[in-house]
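Chain by chain, the residues run as shown.
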Amino acid sequence: MRETNFLVENNARHVWHPMAHPAEMQANPPRIVHAADGVEITDVHGKRVLDAVGGLWNVNLGYSCAPVKAAIRDQLDDLPYYSAFRGTTTSPLIELSYELAEWFKEDGLVRSFFTSGGSDSVETALRLARQYHKINGQPERTKFVALKKGYHGTHFGGASVNGNANFRRNYEPLLPGVIHLAAPYAYRNPFNTSDPAEIAQAIARQFEDEVAFQGADTIAAFIMEPVLGSGGVIVPHEAFMPLMRAICDRHGILMIADEVICAFGRTGAWTGSRLWGVKPDLMCTAKAITNGYFPFGAVMISEKVASVFENNKSPFGSIGHGYTYSGHPVGAAAALATLRETTRLNVAANAAARGAELLEGLNSLQAKYELIGDVRGIGLMAALELVSDRAKKTPAGKETIATVYDATYEAGVIVRTSGANVIISPPLVITPADVQRIVSALDAGFAAATGGK
């Protein structure tokens, strides 16, 4: 590795960063993360901070998970790569498909389709949903229903079902035939209520109205995150996902659960669908499946969908979709080791316990600072929405949010900001002391931004 001066001088000069303006990155270069261990990262200047971002929602087991690292090293020695396209497969892929079927049995999911990450998983699920209906003799079922504020990756399919203009506007026109319903967002919604149960019922009525207007026989699938992550950690009422499931069932619409963030324990349950007592038809996973150590994902497929494909004898059943790195043997080996450690450490239980402590701490900060308009969260995913006027819910300015972020970092914790939200998604192995450290650093961040008010 070249010396620090070289890295600082060339920071953001020869690369465009994802989810950022190239000119802004050149004017204000990003922090350079140089090393990591446990739940901490170290920047190029030697400053250690607790990673309350968890990489990007994905380093559930922290940065020192030796079994996963060993599995990657061993697999590189045994078989660093081979294709899983028709005619060949690999041992880790076969073993992982078995283990995932066991893992997701309670969710009613029995088959895997491997991908290179979350956006790939969403793209795959959307394609399989359309193909499912073609096999069933309903080729007009091509439309998708999604939620505003939902995030589903960056491919054209995923961007089309995304419910945030920031990921859509610059790339339009996108996929036609996508309908967006309101988000189950108690703090801001068009229904003139803050009652989550009323909001759930209102969105269900919207969904039924759209089905009647569009025609059920034109809609392929409804896609949602069990907890909306990047849109601001929006936790729906417990009745919401079951209501959506029931509407899908009534009208022959597939349900796609985008669990790229939620799966593997982050909500305090092993899956977000399980948290709400719902069995989806397709589930998108990635991120924590390899603890972030290798780009990898899997779409999990229900018996209902699998049987339609597997009993088909026509060309409509052939899957003309896949990636060079689908089922990559190194990724599969990493996933197998990650699943074992995730189970052994029972990180879902820890996420539930630490998440309750975190939410309590964040609520205490809201009582202290007028800047915090709303606190939301479940398990180890939480958000604070910042406002300049609580009564009017006016979003806080960019400079204020930057001050909170920078001062929190200086106090020893890195968080993520998205619009007016401060998002917290630490590794699922954090301790009660780590929770207090996050809350204390945020306290310092808000004090810096408000003069202690």
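See the structure printed just above.
Bear in mind that the values here come from a model prediction, so they are computed numbers and not experimental data.

About the thresholds
- Residues numbered from 1 in each chain as written.
- Predicted model: local features only at pLDDT ≥ 70, side-chain atom pairs only at ≥ 80, totals over all residues.
- Heavy atoms only, no water.
- Helix = DSSP H or I, 4+ residues; strand = E, 2+ residues; numbered from the N terminus.
- Rg over C-alpha atoms; globule rule 2.2 N^0.38 Å.
- Buried < 20%, exposed > 50% of the residue type's maximum accessible area, 1.4 Å probe, protein only.
- Contact = heavy atoms within 4.5 Å.
- Areas by Shrake-Rupley, 256 points an atom, 1.4 Å probe, with all protein chains shown as cover.
- Lys, Arg positive; Asp, Glu negative; His and termini not counted.
- Charge placed at Lys NZ, Arg CZ, Asp CG, Glu CD.
- Pairing = 2+ DSSP bridges.
- Phe/Tyr/Trp six-rings, centres within 6.5 Å; stacked < 30°, edge-to-face > 60°.
- Lys NZ or Arg CZ within 6 Å of the ring centre and 35° of its normal.
- Expected span 1.5 Å × (residues − 1).
- Arc of directions from axis to C-beta.
- Patch = residues over 30% accessible without salt bridge, like charges linked within 9 Å, V, L, I, M, F, W, Y side chains within 5 Å.
- Salt bridge = Lys/Arg side-chain N within 4 Å of Asp/Glu carboxyl O.
- Axes fitted to C-alpha atoms, helices over the stretch in contact; angles between N-to-C directions.
- Parallel < 35°, antiparallel > 145°, perpendicular 65-115°, else oblique.
- Left-handed = near helix turned anticlockwise from the far one by under 90°.
- Nonpolar A, V, L, I, M, F, W, Y, C, P; charged D, E, K, R; others polar.

Our focus in this paragraph is the overall build of the chain. Along the chain, the regular secondary structure elements total 15 helices and 16 strands. Expected size for 453 residues packed as a compact globule is a radius of gyration near 22 Å; at 22 Å, the chain falls within 12% of this value. Counting only C-alpha atoms, the chain reaches 70 × 60 × 40 Å along its principal axes. Counting over 453 residues, the chain shows a buried share of 52%. Considering only intrachain contacts with a sequence separation of at least 6, the fraction spanning at least 24 residues in the chain is 72%. Counting only carbon and sulfur atoms, one obtains 52% of the accessible surface of the chain, whose full area is about 19600 Å². Here the chain contributes 41 positively and 45 negatively charged side chains, and the mean placements of these two sets differ by 3 Å.

Taken together, four strands build an open sheet; the order of strands is 1-2-3-14 and the sheet is mixed. The open sheet has two free edges, formed respectively by strand 1 (33-37) and strand 14 (413-414), since each of these has just one partner strand. In terms of strand pairing, strand 3 (residues 48-51) meets strand 14 through two bridges, oriented parallel. In the sheet register, Asp 51 faces strand 14, and the bridge partner there is Ile 414.

Bringing the packing of aromatic side chains into the picture now. All told, the structure shown has eight aromatic pairs when counted by the stated rule. With a centroid separation of 5.7 Å and an interplanar angle of 45°, the aromatic rings of Trp 103 and Phe 264 are classed as tilted. Here the residue Trp 103 occupies a position in helix 5 (residues 91-103), and Phe 264 occupies one in the loop between strand 8 (254-258) and helix 10 (272-275), the gap between them amounting to 161 residues. Per residue, the accessibility class of Trp 103 equals that of Phe 264, and both read buried. Both rings, one in Phe 114 and one in Phe 296, keep their centres 5.5 Å apart while their planes meet at 40°; by these two values the pair is tilted. With a gap of 182 residues between them, Phe 114 in strand 4 (residues 109-115) and Phe 296 in the loop between strand 9 (282-285) and strand 10 (297-302) connect regions that are remote in the sequence. Classification of Phe 114 as buried rests on a relative accessible area of 7%. Grouping aromatic residues by their ring pairs yields a cluster made of Trp 103, Phe 104, Phe 264 and Trp 270. Just above the ring of Phe 6 sits the side chain of Arg 2; from NZ or CZ to the centre is 4.3 Å. Here the basic side chain of Arg 31 rests over the ring of Tyr 409, its NZ or CZ set 3.8 Å away from the ring centre.

Right, let's talk about helix 4 (residues 66-78) for a bit. It helps to recall that an α-helix has 3.6 residues per turn; residues three or four apart then point in one direction. Relative to the 18 Å expected for 13 residues at 1.5 Å per residue, helix 4 spans 18 Å between its end C-alpha atoms, a close match to the ideal helical length. Every buried residue of helix 4 is listed here: Val 68, Ala 71, Ile 72 and Gln 75. Seen from one end, helix 4 has its buried residues packed into an arc of 100°, which puts them on one side. Across helix 4 from its buried face, at more than 90 degrees, point the exposed residues Arg 73 and Asp 77.

On to the pairing of strand 1. Two elements, strand 1 and strand 2 (residues 40-43), share four bridges in a ladder whose sense is antiparallel. Residue Ala 35 lies in a different strand from strand 2, and its bridge partner there is Thr 42. The hairpin turn running from strand 1 into strand 2, its antiparallel successor, is two residues long, and Gly 38 in that turn takes a positive phi close to 60°.

Turning to a nonpolar patch on the surface, a few remarks are in order. A contiguous nonpolar patch, built from Tyr 81, Tyr 82 and Tyr 325 and spanning about 330 Å² of accessible area, is present on the exposed surface. With respect to the element layout, Tyr 81 can be found in the loop between helix 4 and helix 5. On the basis of relative accessibility, which here comes to 31%, the residue Tyr 81 falls in the partly exposed class.

Take the packing of helix 8 (residues 196-214) against helix 9 (residues 240-251) next. Geometrically, a packed helix pair is captured by the angle between its two axes and the distance between the axes. Where helix 8 meets helix 9, the closest approach of the two axes is 9 Å, and the angle between their N-to-C directions is 20°. Classed by the angle they form, the pair helix 8 and helix 9 counts as roughly parallel. Regarding helix 8 and helix 9, the two cross each other, and that crossing is right-handed. On the side of helix 8, the interface is formed by Ala 200, Gln 201, Ile 203, Ala 204, Phe 207, Glu 208 and Val 211, while helix 9 contributes Phe 240, Leu 243, Met 244, Ile 247, Cys 248, Arg 250 and His 251. Here the residues of the contact of helix 8 with helix 9 sort into 10 nonpolar, two polar and two charged.

Turning to the environment of Leu 380, a few remarks are in order. By the secondary structure assignment, Leu 380 is in the loop between strand 11 (372-378) and strand 12 (381-389). According to the relative accessible area criterion, Leu 380 is buried, its value standing at 0%. Separated by 46 residues in the primary sequence, Leu 380 and Pro 426 place their C-alpha atoms 6.6 Å from one another. Setting aside residues no more than four positions away along its own chain, Leu 380 makes contact with Arg 266, Ala 351, Arg 354, Gly 355, Leu 358, Ile 424, Ser 425, Pro 426, Pro 427, Leu 428 and Ile 430.

On inspection of all chains with the given rule, the structure shows 22 salt bridges. For Asp 281, the salt bridge is made with Lys 304, and the minimal N-O distance between the two is 3.1 Å. Separated by 23 residues along the polypeptide, Asp 281 in the loop between helix 10 and strand 9 and Lys 304 in helix 11 (residues 303-310) bring together distant segments of the chain. Of the charged contacts in the structure, one is a salt bridge between Glu 385 and Arg 376, with a shortest N-O distance of 2.9 Å. Each of the two residues, Glu 385 as well as Arg 376, counts as buried. Taken together, the shared-partner salt bridges in this structure form one network comprising Asp 37, Glu 40, Arg 48 and Arg 437.

A word on the environment of Met 1. With respect to the secondary-structure elements, Met 1 resides in the segment before helix 1 (4-10). Judged by its relative accessible area of 85%, Met 1 is exposed. Other than its neighbours up to four places away in sequence, Met 1 contacts Leu 7 and His 34.

The analysis is restricted to geometry; functional conclusions fall outside its scope.
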